[in-house]
Amino acid sequence: MNIVVHGHEPLLSEMAVKAAEDPELIKLAKQKGAEGINLAGICCTASEILMRHGIPVAGNFLQQELAIVTGAVELMMVDVQCIMPALQEAASCFHTKLVTTSPKARFPGVTHVEFSLENAYAVTKEIIRMGIENFSFRNKERVNIPKEEMDLVAGFSKEVVFQILGGRYRSTYRPLNDAIISGRLRGLAGVVGCNNPKQTHDYFHTVLVKELIKHDVLVLQTGCSAIACAKQGLLIPEAAKQYAGKGLQEICEAVGIPPVLHLGACVDNSRILTAAAHIIEEGGLGEDLSDIPAAGCAPEWMSEKAITIGFYFVASGVYTIFGASPFATLGSKNLTDYLTKEIEDIVGGRFDFCDDPLKMAKLMLAHIDKKREALKLKPAMYQ
Ligand code: SF4
């Protein structure tokens, strides 16, 4: 039987992982005729349980309804953000039970079981038990699970990046800095954020990321963007040979990493900036985050939270492109000039807007090259 966790609260998904392994609940599931309890994740919760427990991802933002229409989901538990308002309508066409858990996000006609720190495990067990009880209502004739699967490597916390680059006994960012300084690596890009229903699903993420790695840019990812690229097979070491430029290929082969690194959920974007801070600490690439040959992008953003995270990146000194739809500020020339030009003199980073993934890549590469020049680094080794 299948339970899907969807949303953003790491604690709820953590409890769900524990409850899905609870012998009492597994016994109950078997009594009901199931083989066991299978947990899968949607959206950023998917990345949380993937990073910490290696639990497979069911999909990103635009796949939440598709998970339900497999007819094989007994229960979907949701918390906050990115829960489609019509999810219950999709669930009501099947036997799937939808359960809300946060007082901040309830839906008409949906079962609500409130989750809190005090009752975390007991409540999660109760929810999983509801899913088990629902298994007998599954209509086997309506089950249609897609066969497509893709491997991925995830779990690149800033500590792991240290160890992978420098080895377990000499953890260091030095090899990464040296690769950028020598030009084998042209620079770094953070490609993050949502799916946007205005775009073909995953198109902007995958076209942009393929173009960046082709030009020897190591890509760091989080959130639904990482899941989009994972589905395309970009998060396995073998992807370097197929898609990356020669310099990035050499690094991926030497270190054994994919050309695109999955750093977590969209609530983990700070990991990208922490890694950037370590690069500055290591030395040789300037004094400030804005000096690093790096750029950021949220190609298909749709959540308000993406704007907040964008401000965090820009304020930290990162040139950050937003795709899909521009901010609703473009009516004001003064504010738009401030966000896309003048703010750079104050904080080192700025916003840009672009609605074409290949143009986004061009803008990011031009920015990376400008930063290389400012640091008086040699041009990229394999241009
Ligand atoms: S990346 Fe965007 S769409 Fe995906 S879960 Fe996070 S906020 Fe939602």
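Residues numbered from 1 in each chain as written. Predicted model: local features only at pLDDT ≥ 70, side-chain atom pairs only at ≥ 80, totals over all residues. Heavy atoms only, no water.

**Considerations on the layout of surface pockets**
And step 1. The computed volume of the largest pocket comes to approximately 1100 Å³.
And step 2. Around the largest pocket, the lining comprises 34 residues; the ones closest to its centre are Val57, Ala58, Gly59, Glu148 and Glu149.
And step 3. Where the lining of the largest pocket is concerned, the elements lending two or more residues are strand 1 (2–6), strand 2 (38–42), strand 3 (57–59), helix 4 (64–68) and helix 10 (223–231).
And step 4. Its residues placed into classes, the lining of the largest pocket shows 21 nonpolar, eight polar and five charged.
And step 5. Looking at the lining of the largest pocket, you find at least three residues from each of domain 1 (2–142) and domain 2 (158–374).
And step 6. Of the volumes computed, that of the second largest pocket is approximately 160 Å³.
And step 7. If you trace the second largest pocket, you find it lined by Phe61, Gln81, Cys82, Ile83, Met84, Pro85, Met302, Ser303, Glu304 and Lys305.
And step 8. Looking at the lining of the second largest pocket, its residues break down into six nonpolar, two polar and two charged.
And step 9. The residues that make up the lining of the second largest pocket include at least three from each of domain 1 (2–142) and domain 2 (158–374). (1 Å grid on protein atoms, 1.4 Å probe; cavity = no way out; pocket = protein on both sides within 12 Å on 5 of 7 lines; lining within 4 Å. Points joined across faces, edges and corners; volume = space filled by probe spheres on them. Helix = DSSP H or I, 4+ residues; strand = E, 2+ residues; numbered from the N terminus. Nonpolar A, V, L, I, M, F, W, Y, C, P; charged D, E, K, R; others polar. Domains from an automatic or database assignment.)

**Section: the domain arrangement of the chain**
And step 1. Domain annotation of the chain identifies domain 1 (2–142) and domain 2 (158–374).
And step 2. The gap between the C-alpha centroids of domain 1 and domain 2 is 32 Å.
And step 3. Listed per partner, the contact involves 17 residues of domain 1 and 20 residues of domain 2.
And step 4. Across the interface of domain 1 and domain 2, roughly 1400 Å² is buried in total on both sides, 69% from carbon and sulfur atoms.
And step 5. Joining domain 1 to domain 2, the criterion identifies zero salt bridges.
And step 6. In this assembly, domain 1 and domain 2 are joined by 10 residue pairs in polar contact (both at pLDDT 80 or more).
And step 7. Elements that contribute at least two residues to the side of domain 1 that touches domain 2 include exactly helix 3 (43–53) and strand 3.
And step 8. It is helix 3 that provides the largest number of residues to the side of domain 1 that touches domain 2, a total of eight residues.
And step 9. Looking at side-chain class alone, the side of domain 1 that touches domain 2 contains nine nonpolar, six polar and two charged residues. (Contact = heavy atoms within 4.5 Å. Buried area = accessible area lost by both parts, 1.4 Å probe. Salt bridge = Lys/Arg side-chain N within 4 Å of Asp/Glu carboxyl O. Polar contact = N/O pair within 3.5 Å; in protein donor to acceptor, adjacent residues only side chain to side chain.)

**With respect to the pattern of salt bridges**
And step 1. Scanning the model with the defined rule gives 19 salt bridges in all.
And step 2. The partner of arginine 52 in a salt bridge is glutamate 48, with the nearest N and O atoms 2.5 Å apart. Taken together, the residues arginine 52 and glutamate 48, both in helix 3 and four residues apart, mark about one turn of the helix.
And step 3. With a closest N to O distance of 2.7 Å, aspartate 202 and lysine 231 form a salt bridge. Of the two residues, aspartate 202 is situated in the loop between strand 7 (187–191) and helix 9 (203–214) and lysine 231 in helix 10; the sequence distance between them amounts to 29 residues.
And step 4. Through salt bridges with shared partners, a single network forms among Asp22, Glu24, Lys125 and Arg129.

**Quick look at a nonpolar patch on the surface**
And step 1. A surface patch of nonpolar side chains, about 280 Å² in accessible area, is lined by Leu335, Tyr338 and Ile346.
And step 2. Relative accessible area serves as the criterion here: at 37%, leucine 335 is assigned to the partly exposed category. (Patch = residues over 30% accessible without salt bridge, like charges linked within 9 Å, V, L, I, M, F, W, Y side chains within 5 Å. Areas by Shrake-Rupley, 256 points an atom, 1.4 Å probe, with all protein chains shown as cover. Buried < 20%, exposed > 50% of the residue type's maximum accessible area, 1.4 Å probe, protein only.)

**Re the sheet that holds strand 6 (residues 111–112)**
And step 1. As summarised here, the arrangement of the six strands in space is 3-2-1-4-5-6, forming an open sheet in which the pairing is parallel. In this open sheet, the two strands that pair with only one neighbour each are strand 3 and strand 6.
And step 2. Bridge count between strand 5 (residues 97–100) and strand 6: two bridges; the pairing is parallel. Directly across from valine 99, in strand 6, lies its bridge partner threonine 111.
And step 3. Along the sheet, helix 3 makes contact with strand 1, strand 2 and strand 3, crossing strand 2 at roughly 125 degrees. (Pairing = 2+ DSSP bridges. Axes fitted to C-alpha atoms, helices over the stretch in contact; angles between N-to-C directions.)

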